[in-house]
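Spelled out from the first residue to the last, the chains are:
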Amino acid sequence: MITTPDLIESLVANSPPVRRLRPPVARALGWLLFAALMLALLAVSHDLRPDLALRLQQPEFVIGIAASLATGVLAAIASFLLSIPDRSRVWLLLPLPALFVWVSTIGYGCLVNWVSLQPGNMPFGDEAGCFALLVLTGVPLSLAMLIMLRHAALLAPTRVAISGGLAVAAVTATALSIFHNHDASAIILIWNFGTAVLLVALGGLTGRRIFSWIAQR
Amino acid sequence: MSSGQSSRGPALSLVKERSAARSAHELDWSIYMARAQDGDREAYRRLLEEITPYLRSLATRRVPNRSDVEDAVQDALVTIHAVRHTYDPARPFGPWLVAIANRRIVDGLRRRGRTGARETPLDAEHETFAAPEANYHEAASEARALREAVERLPLGQREAVRLLKLKEMSLKEAAAVSGMTVAALKVATHRALKTLRKMLGRQDRRT
């Protein structure tokens, strides 16, 4: 085993100047800018859902989109704050109010539209496009966040991964509601919330391993 | 420490002075780290050397096994090195340092807990020392094996070993006691040792 003074010597010998991280909120805004860019690109390539103007006049829809967007923004800020060693872990709770509103709107819509869910008219068949949209937004956003937060590997990978997963899921869900035409809210529930749970769970379970893998590159 | 203060309230003033000293340290450390981030190696060396005892005291408080304390200190130092760009010089250095150190100490405890579940600790009672009496059990079993081997020797050889080696008689004394000639005793001893070597050696290979 190397002695501590020797270790210090080797660390000192290998200490080129480093660039300080910008404030976490600024970095979170950077990531959100990237997310906005992704959504804009999708809007150009993918058509917006045809009934968007109509839906934007419905308060539940607007509240739902606003809440999922707010969840994404707050969760992104929370992840960047959590990745800094001396910030409080209570920041993990930052997106919770928005998350609560978001889940409530999904639940509310589900309750109201429950009657329309006849076995025959479930709008399946559109899943491939839906899934492609999820992957198209989710993968680049996850990668960007992983790379921006790779230093968290040694510190609090699980916490950061949970909150990062929530940020990606919320932004993806926002994209889904803008671009994709879902009438049955059970499908919205499955897609939106299922993806969110999946991403957050993936983050929580594999965050430690993924972060240490990325940090080694 | 001034003697005038000690009459008023020594405990309080001591605590105050200690925290004042630590915050002074922290300010130094913060400046050192800011310089180290800009590539000042001397400042970095001083910082690492000064925080090492502090890290050690943090680790000693939470790591039960003394030999693991130094591992935890080194782990913390390496981590601090790896994430030194996350320190913001506008913020106090202490919380940053303590957060990293505690994180690594807990991680280390978990890791050692996992390996520890598959290992048996070497306690004081398991330790063996160079002093022969510490290995009494082994020595006793070897002695018994030797005694049994001697018992199995032919009569003349056994007699020779018993008189010359175990009772440590001279050849003349042994000759007088046993009635054998000196030459016969020598030959018997030689053969006895050869037989013993063969018996014990074969036993060794068997076990």
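## Details of the overall build of chain B
When you go through chain B residue by residue, the secondary structure sums to 9 helices and 0 strands. Secondary structure elements in chain B, listed N-terminal to C-terminal, are α-α-α-α-α-α-α-α-α. Taken across its 207 residues, chain B has 24% of its residues classed as buried.

## Looking at the overall build of chain A
Within chain A, the regular secondary structure consists of 8 helices and 0 strands. The order of helices and strands in chain A, counted from the N terminus, is α-α-α-α-α-α-α-α. Residues classed as buried in chain A amount to 38% of the 217 residues present. A separation threshold of at least 6 residues defines the contact pool for chain A, and within that pool the share at least 24 residues apart is 86%.

## Structural notes on helix H7 (residues 157-179) of chain A
The end-to-end C-alpha distance of H7(A) is 32 Å, a good match for the 33 Å that 23 residues give at a rise of 1.5 Å each. Among the 23 residues of H7(A), 21 are classified as buried, and the element is accordingly described as predominantly covered.

## Focus on the packing of helix H2 (residues 24-45) of chain A against helix H4 (residues 59-82) of chain A
Residue and element names in this part refer to chain A. The geometry of H2 relative to H4 is characterised by a closest axis approach of 8 Å and an angle of 135° between their N-to-C directions. Considering their axes alone, H2 and H4 lie oblique with respect to each other. Where H2 crosses over H4, the handedness of that crossing is right-handed. Residues Pro24, Val25, Arg27, Ala28, Trp31 and Leu32 of H2 form the contact with H4, whose own contacting residues are Val73, Ala76, Ile77, Phe80 and Leu81.

## Observations concerning the interface of chain A and chain B
Interface size is commonly expressed as the accessible area that is lost once the parts come together. Of the residues lining the interface, 19 residues belong to chain A; the matching set on chain B comes to 28 residues. The residue inventory of the side of chain A that touches chain B, partitioned by class, reads 13 nonpolar, 3 polar and 3 charged.

## As for helix H3 (residues 41-62) of chain B
For H3(B), built from 22 residues, the straight-helix expectation of 32 Å at 1.5 Å per residue is met to within 8% by its first-to-last C-alpha distance of 31 Å. Residues Ala43(B), Tyr44(B), Leu47(B), Leu48(B), Ile51(B), Leu55(B), Leu58(B) and Ala59(B) constitute the buried set of H3(B).

## Overview of the packing of H4(A) against H7(A)
All names here are of chain A. With their axes 8 Å apart at the nearest point, H4 and H7 run at an angle of 155° to one another. On the basis of their axis angle, the class for H4 and H7 is roughly antiparallel. H7 is crossed by H4, and the crossing has left-handed handedness. Seen from H4, the contacting residues are Gly64, Ile65, Ser68, Leu69, Thr71, Gly72, Ala75, Ala76, Ala78, Ser79 and Leu82; seen from H7, they are Arg159, Val160, Ser163, Gly164, Leu166, Ala167, Ala170, Val171, Ala173, Thr174 and Ser177.

## Brief notes about the nonpolar core
If you look at the biggest cluster of nonpolar residues, it comprises 75 residues, and the most contacted ones within it are Ile77(A) and Leu47(B). Considering each element in turn, this core owes the most residues, 13 residues, to H7(A). Leaving out residues up to four positions away in the same chain, Ile77(A) has contacts with Val25(A), Ala28(A) and Leu94(A). Counting 9 residues, the second-largest nonpolar core is a separate cluster that includes Leu153(B), Ala160(B), Leu163(B) and Ala174(B).

## Some points on unusual backbone geometry
Positioned with a positive phi, Glu168(B) is a non-glycine residue whose angle comes to about 55°. Tracing the backbone shows Glu168(B) in the loop between helix H7 (155-166) and helix H8 (171-178).

## Considerations on the environment of Val98(B)
Note on placement: Val98(B) falls in helix H5 (residues 93-116). Considered as a pair, Val98(B) and Ala76(B) are 22 residues apart in the sequence and their alpha carbons are 9.7 Å apart.

## Comments concerning the confidence of the model for chain B
Residue and element names in this part refer to chain B. Here chain B averages 78 in pLDDT, while 76% of its residues score no lower than 70. Mean pLDDT across the elements of chain B bottoms out in helix H1 (residues 3-8) (41) and peaks in H3 (88). Across residues 1-15 the pLDDT falls below 50, and counting only partners more than four positions away or on other chains, this stretch makes 4 contacts in the model. Reported confidence for the predicted complex is 0.72 by ipTM and 0.64 by pTM.

## Overview of the confidence of the model for chain A
Residues and elements named next belong to chain A. Confidence in the prediction of chain A, expressed as mean pLDDT, is 77, and 73% of residues score 70 or more. Taking the mean pLDDT of every element in chain A, the minimum, 65, falls on helix H8 (residues 185-216) and the maximum, 89, on H2. Residue range residues 120-124 is modelled with pLDDT below 50. Its contacts to residues more than four positions away, or to other chains, number 6 contacts.

Rules of the game
Residues numbered from 1 in each chain as written. Chains lettered and ligands numbered in written order. Predicted model: local features only at pLDDT ≥ 70, side-chain atom pairs only at ≥ 80, totals over all residues. Helix = DSSP H or I, 4+ residues; strand = E, 2+ residues; numbered from the N terminus. Buried ≥ 20, exposed ≤ 12 C-beta atoms within 10 Å, placed from the backbone. Contact = placed C-beta atoms within 7 Å. Expected span 1.5 Å × (residues − 1). Axes fitted to C-alpha atoms, helices over the stretch in contact; angles between N-to-C directions. Parallel < 35°, antiparallel > 145°, perpendicular 65-115°, else oblique. Left-handed = near helix turned anticlockwise from the far one by under 90°. Nonpolar A, V, L, I, M, F, W, Y, C, P; charged D, E, K, R; others polar. Core = buried A, V, L, I, M, F, W, Y, C linked by C-beta atoms within 7 Å. pLDDT = per-residue confidence, 0-100.

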